[in-house]
Structures are given as C-alpha cells and as structure tokens.
Amino acid sequence: MERNTEEIAAMFRKAGASPDKNNVHVLISNGHWKLVKEGNNRATAIFNSKEEAISEAKKYGKSGNAKAVIIHTVDGEVEKRLQY
C-alpha cells in the first residue's frame, strides 16, 4: 500500500498530531513498516516487519527523541500510543 503525503498527514491529524512535532509514527507504506516523525514526508527508517519498527521507535522514545510513539494498523488506524 503506497501512501502519499496527504494520506500520511491525515493519519497524523487523526492520531492527534502534536504542535511541536515530537511524535514518531509507525506505519506501513509500499509493503514496508516505516518510522515517520510528524511533519516529515520521508521515513526516518524503513523495516521489513512491524516488530522491528516498533522496537526502533521505542528507542526513540526512551532516548528523548520522541515524546510519543504512535503505532498504526495496516489500514492506518491508531493501534497504540506510547508516551515518553
């Protein structure tokens, strides 16, 4: 599933995007799981599995590089939100 910039931005808004853009989203696009920081159109990192992407996203949160990690389902819905 290829997601364009507008679709990703809509997912951010639906997930309650923060004004300071310190959230990291785990989402699928074009068959790969990606980490995307709010406000960015390009992925920070790309993974073959959702588990790998979540693991890396949690590292972002624990290191202070993200205030929240928002994990999306395949259809773009918010599955889980982790606060840091």
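Above this text is the structure in question.
Each value, and the rule that gives it
Residues numbered from 1 in each chain as written. Predicted model: local features only at pLDDT ≥ 70, side-chain atom pairs only at ≥ 80, totals over all residues. Heavy atoms only, no water. Helix = DSSP H or I, 4+ residues; strand = E, 2+ residues; numbered from the N terminus. Expected span 1.5 Å × (residues − 1). Buried < 20%, exposed > 50% of the residue type's maximum accessible area, 1.4 Å probe, protein only. Arc of directions from axis to C-beta. Contact = heavy atoms within 4.5 Å. Pairing = 2+ DSSP bridges. Axes fitted to C-alpha atoms, helices over the stretch in contact; angles between N-to-C directions.

Draft legend 1. Main features of helix α2 (residues 50–63). Counted at 1.5 Å a residue, the expected span for α2 with its 14 residues is 20 Å, and the 20 Å between its end C-alpha atoms agrees. Inspection of α2 places K50, A53, I54, A57, Y60 and G61 among the buried residues, and these make up the whole buried set. The buried side chains of α2 occupy one side of the element, clustering within an arc of 115° when seen end-on. Along α2, the residues that are exposed and aim more than 90 degrees away from the buried face are E51 and K62. The elements touched by buried residues of α2 are β1 (23–29), β2 (32–37), β3 (45–47), β4 (68–72) and β5 (78–83). One or two positions beyond α2, positive phi appears at G64, with a value near 90°.

Draft legend 2. Just the sheet that holds β4, in detail. The sheet built from five strands is open, its strands ordered β3-β2-β1-β4-β5 with mixed pairing. Bordering the open sheet on either side are β3 and β5, each of which pairs with just one other strand. On average, each strand axis in the sheet is tilted by 20° relative to the strand beside it, whichever way the strands run. Judged from the four bridges that link them, β1 and β4 form a sheet pairing that is parallel. Its bridge partner lying in β4, H25 is registered against I70. Each of β1, β2, β3, β4 and β5 touches α2; the most contacted strand, β2, lies at about 20° to it.

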